Amino acid sequence: MSDQAQMLRNLVQSQASRQEKQTRVITVTSGKGGVGKSNFSLNFALMLQSKGYKVLLFDADVGMANIDVLMGSSPKYSLYHLLKREQSIWDIIHTGYNNLQFIAGGSGFNDLLNLDDTEIDYFVEQVGQLNGHVDFILFDTGAGLSKEAFRFIVAAQETVVVTTPEPTSITDAYALIKMVHSMNGQTPFKLVVNRVTDLKEGRQTADKISMVARQFLGLELPLLGYIDEDIHVSKAVKKQIPFTVLYPSCAATRAVHGIMERFLSGQLESGEQAGGVKSFLNKMMKLLK
Ligand SMILES: Nc1ncnc2c1ncn2[C@@H]1O[C@H](COP(=O)(O)OP(=O)(O)O)[C@@H](O)[C@H]1O
Ligand SMILES: [Mg+2]
């Protein structure tokens, strides 16, 4: 076989295997802001990446850019440029720590909800190109029931809800779950309790929210784990280096590691398997138009 034919064959094979790869689409959300959602998303993404998975972290907290700031980078292009059809999806993907790929949210705008049909089509087509390129796409959504956050959550295959032990955070998380559940009863939620002072507080928080979800919504809320209240988190934020990178053995890092292990070992529940990016986008499109 000529060199050229061999090259072609390799190309076709790599294309084929790329298409077989299933991309899991996960949203990370919370009822209330400031609960540690962006820090969790970033460090969880880095943990998955360090396990050998290819991860794309997508800052979908439109207009409130976080992820780039947490990494001390100021990327030229962001989601904004994609939404405005100024750049392609490939131009707005940047590389962070441990070769983590990420898309910055951009700041100073809040018009995802005002996109016209051509802009939506462009967004959906561009994000669709990611299918099979990565193992995981993680969306760090805005807090609460903003329209955008809502669409991402309802469309994603899995949703991780971050709460703290504070009553306001718990009630807001529950309100969010209830609202999404009423729209799409199939959305599988998983819970992360952040900033716990001890195991008991973590367990009590998880029990509270799980009990009401079971009782009033008939919904199971599997727990991915607790993350300790840890001074290293805010130290790392100030240094603009992810805490799992800066403090690889601090309590919060160990906790995120445990969560990652539990996440990977957990069986996908029914309804989660289907579709990858394509099914995500189909659902998203129905909600947008
Ligand atoms: N486990 C933790 N321990 C201590 N402080 C934390 C922890 N998680 C978050 N924080 C603090 O909360 C702040 C807000 O976190 P962030 O991830 O930006 O929240 P969100 O994305 O939910 O708005 C951080 O800057 C940090 O100071
Ligand atoms: Mg945030």
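Residues numbered from 1 in each chain as written. Chains lettered and ligands numbered in written order. Predicted model: local features only at pLDDT ≥ 70, side-chain atom pairs only at ≥ 80, totals over all residues. Heavy atoms only, no water.

A.B. asks: Is there a simple way to explain the pattern of salt bridges in this structure?
C.D. replies: Considering all chains together, one arrives at six salt bridges under this definition. With a shortest N-O distance of 3.9 Å, Glu158 and Lys190 are connected by a salt bridge. Here Glu158 is found in strand β6 (residues 158–163), whereas its partner Lys190 is found in strand β7 (residues 189–196), with 32 residues between them in sequence. Across the pair Glu229 and Arg195 runs a salt bridge, and its minimum N-O distance is 2.9 Å. Here Glu229 is found in the loop between β8 (223–228) and α9 (231–239), whereas its partner Arg195 is found in strand β7, with 34 residues between them in sequence. Given a relative accessible area of 41%, Arg195 falls into the partly exposed group. (Salt bridge = Lys/Arg side-chain N within 4 Å of Asp/Glu carboxyl O. Helix = DSSP H or I, 4+ residues; strand = E, 2+ residues; numbered from the N terminus. Buried < 20%, exposed > 50% of the residue type's maximum accessible area, 1.4 Å probe, protein only.)

A.B. asks: Could you clarify how one ought to interpret the site of ligand 1 in this entry?
C.D. replies: Residues in contact with ligand 1 amount to 17 residues; listed here are only the nearest, Gly34, Lys37, Ser38, Asn39 and Asn194. At 3.0 Å from an oxygen atom of ligand 1 is found a main-chain nitrogen or oxygen belonging to Val35. One of the backbone N or O atoms of Asp228 is found 2.9 Å from a nitrogen atom in ligand 1. Protein chains shield 82% of the accessible area of ligand 1, which is 570 Å² for the free molecule. Among the residues forming the shell around ligand 1, the class breakdown is four nonpolar, eight polar and five charged. (Near = heavy atom within 4 Å. Polar contact = N/O pair within 3.5 Å; in protein donor to acceptor, adjacent residues only side chain to side chain. Areas by Shrake-Rupley, 256 points an atom, 1.4 Å probe, with all protein chains shown as cover. Nonpolar A, V, L, I, M, F, W, Y, C, P; charged D, E, K, R; others polar.)

A.B. asks: How should I be thinking about the coordination of the magnesium ion (ligand 2) in this particular structure?
C.D. replies: Geometry sets the ideal angles at a metal, namely 109.5 degrees for four tetrahedral donors and 90 or 180 degrees for six octahedral donors. Distances from the magnesium ion (ligand 2) to its protein donors, Ser38 (OG) and Asn66 (OD1), fall at 2.1 Å. Of the two residues, Ser38 is situated in helix α2 (residues 37–50) and Asn66 in the loop between β2 (55–60) and α3 (67–70); the sequence distance between them amounts to 28 residues. Looking at Ser38, the relative accessible area reads 7%, which means it is buried. (Donors = N, O, S within 2.8 Å, 3.2 Å for Na, K, Ca; no water.)

A.B. asks: Any chance you could explain the sheet that holds strand β3 (residues 93–95) here in plain terms?
C.D. replies: In a beta sheet, neighbouring strands are held together by backbone hydrogen bonds and run either parallel or antiparallel to one another. Overall, mixed pairing links the eight strands, which are arranged β3-β4-β2-β5-β1-β6-β7-β8 in an open sheet. Among the strands making up the open sheet, the edge pair consists of β3 and β8. Each adjacent strand pair in this sheet contributes to an overall mean axis angle of 25°, direction not counted. Examined bridge by bridge, β2 and strand β4 (residues 101–103) share three bridges and lie parallel to one another. (Pairing = 2+ DSSP bridges. Axes fitted to C-alpha atoms, helices over the stretch in contact; angles between N-to-C directions.)

A.B. asks: Before we go on, may I ask you to explain the packing of aromatic side chains in this structure?
C.D. replies: Any two aromatic rings considered together are summarised by their centre-to-centre distance and by the angle between their planes. Per the counting criterion, the structure on display carries five aromatic pairs. When the centroid spacing of 5.2 Å and the interplanar angle of 90° are considered together, the rings of Phe44 and Phe263 count as edge-to-face. In this pair, Phe44 sits in helix α2 while Phe263 sits in helix α11 (residues 251–265), placing the two residues 219 residues apart along the sequence. In this pair, the class of Phe44 matches that of Phe263, namely buried. Here the aromatic rings of Phe58 and Phe139 are separated by 4.7 Å at their centres, their planes lie at 45°, and the arrangement is tilted. Taken together, the residues Phe58 in strand β2 and Phe139 in strand β5 (residues 136–141) connect sequence positions 81 residues apart. Look at Phe58 and you get buried, because its relative accessible area is 0%. Owing to a relative accessible area of 1%, Phe139 belongs among the buried residues under this scheme. (Phe/Tyr/Trp six-rings, centres within 6.5 Å; stacked < 30°, edge-to-face > 60°.)

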